[in-house]
Amino acid sequence: MSLTVSPELLHKAEQGPVDNDDFIACIRESLPYAWSVVSGLAQRAAGGHADFEANEVPPPGETERGQLLRLLASDAMRAAVERHFGMRLAFQNCHRVALFKPGADAAHAEFTSPRAQLLNQSPELVDC
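What comes next concerns the included structure. In this text, all values refer to a predicted model and were calculated from it rather than measured experimentally. (Residues numbered from 1 in each chain as written. Predicted model: local features only at pLDDT ≥ 70, side-chain atom pairs only at ≥ 80, totals over all residues. Heavy atoms only, no water.)

## Overview of helix α4 (residues 62-73)
Think of an α-helix as turning once every 3.6 residues; residues three or four places apart then point the same way. For clarity, the cut-off: Strands are runs of DSSP state E lasting at least two residues, helices are runs of H or I lasting at least four, and both sets are numbered from the N terminus onward. Helix span is expected to be 1.5 Å times the residue number reduced by one. Each residue's exposure class comes from its accessible area (1.4 Å probe, protein chains only) as a fraction of the maximum for that residue type: buried when under 20%, exposed when over 50%, partly exposed otherwise. Here a residue-residue contact requires only that any non-hydrogen atoms of the pair lie within 4.5 Å.
Between its terminal C-alpha atoms α4 stretches 16 Å, which fits the 16 Å expected from 12 residues at 1.5 Å a residue. Taken together, the buried positions of α4 are occupied by R65, G66, Q67, L68, L71 and L72. Tucked into the core, α4 has its buried residues touching α2 (20-30), α3 (32-47), α5 (75-85), β2 (88-91) and β3 (97-100).

Below is the structure:
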C-alpha cells in the first residue's frame, strides 16, 4: 500500500475533493523517508543559487527505496508535492531524485535526457 490513510481522510475523499494540505500531510506521515529526501532538497534549493538540487545518497534499505519509488511513481502524489514546494520533481533511479526551481527548464531537460539517464548508470544500480 502506498499510503496509510486515516479514516477521517478517507471519509473526506469519499465525500468529494481533498485539500492539498491534507493530502500532503498523509504523504509526509506515510512516506517519512521519501518526504525527508524531497523536503531536504527543497530547503537546499531555497537557500542556494543552483537551478536544482539532487539527492545522490542511496536509501539505507528496501523500505526507504520503496517509499521513494511510490512517491515518484504516483502522478497524484508527485503533483501534490510539486505544488507544495512550488518546484518540479525529476527522477533517474532508486535514489537520484532532483527538485528544480521554477524557470529551470534547460537544467530539467538535461537531467531528464536519455544521455543523462545513460551516464547515471552503474553496475551497483542494476537492481535498484
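## So, the sheet that holds strand β1 (residues 52-54)
Stated formally: Strands qualify as paired when DSSP identifies two bridges or more between them. Each axis is a line fitted through C-alpha atoms, and for a helix only the stretch in contact is used; angles between axes span 0 to 180 degrees, taken between their N-to-C directions.
Strands sit in the order β1-β3-β2 across an open sheet of three strands; the sheet is antiparallel. This sheet does not close on itself; its edge strands, each paired only once, are β1 and β2. In this sheet, adjacent strand axes meet at a mean angle of 20° when their direction is disregarded. Strand direction decides the pairing type here: β2 and β3, joined by four bridges, are antiparallel. The residue bridging F91 from the neighbouring strand is V97, located in β3. Along the sheet face, α5 touches β2 and β3 and points at about 135° away from the line of β2.

## Some thoughts on the pattern of salt bridges
Convention followed: Salt bridges, as used here, are contacts in which a Lys or Arg side-chain nitrogen is within 4 Å of a carboxyl oxygen on Asp or Glu.
Evaluated as defined, the whole model comprises five salt bridges. Close ionic contact of K12 with D22 constitutes a salt bridge, the shortest N to O distance being 2.6 Å. A residue pair is termed long-range when its members are at least 10 positions apart, and K12 in helix α1 (residues 7-15) and D22 in helix α2 qualify at 10 residues. According to the relative accessible area criterion, D22 is partly exposed, its value standing at 26%. Across the pair E53 and R44 runs a salt bridge whose closest N-O atoms are separated by 3.0 Å. A residue is classified by how much of its surface remains accessible, and E53, at 17% relative accessible area, is buried. Residue classification places R44 among the partly exposed positions, given a relative accessible area of 42%.

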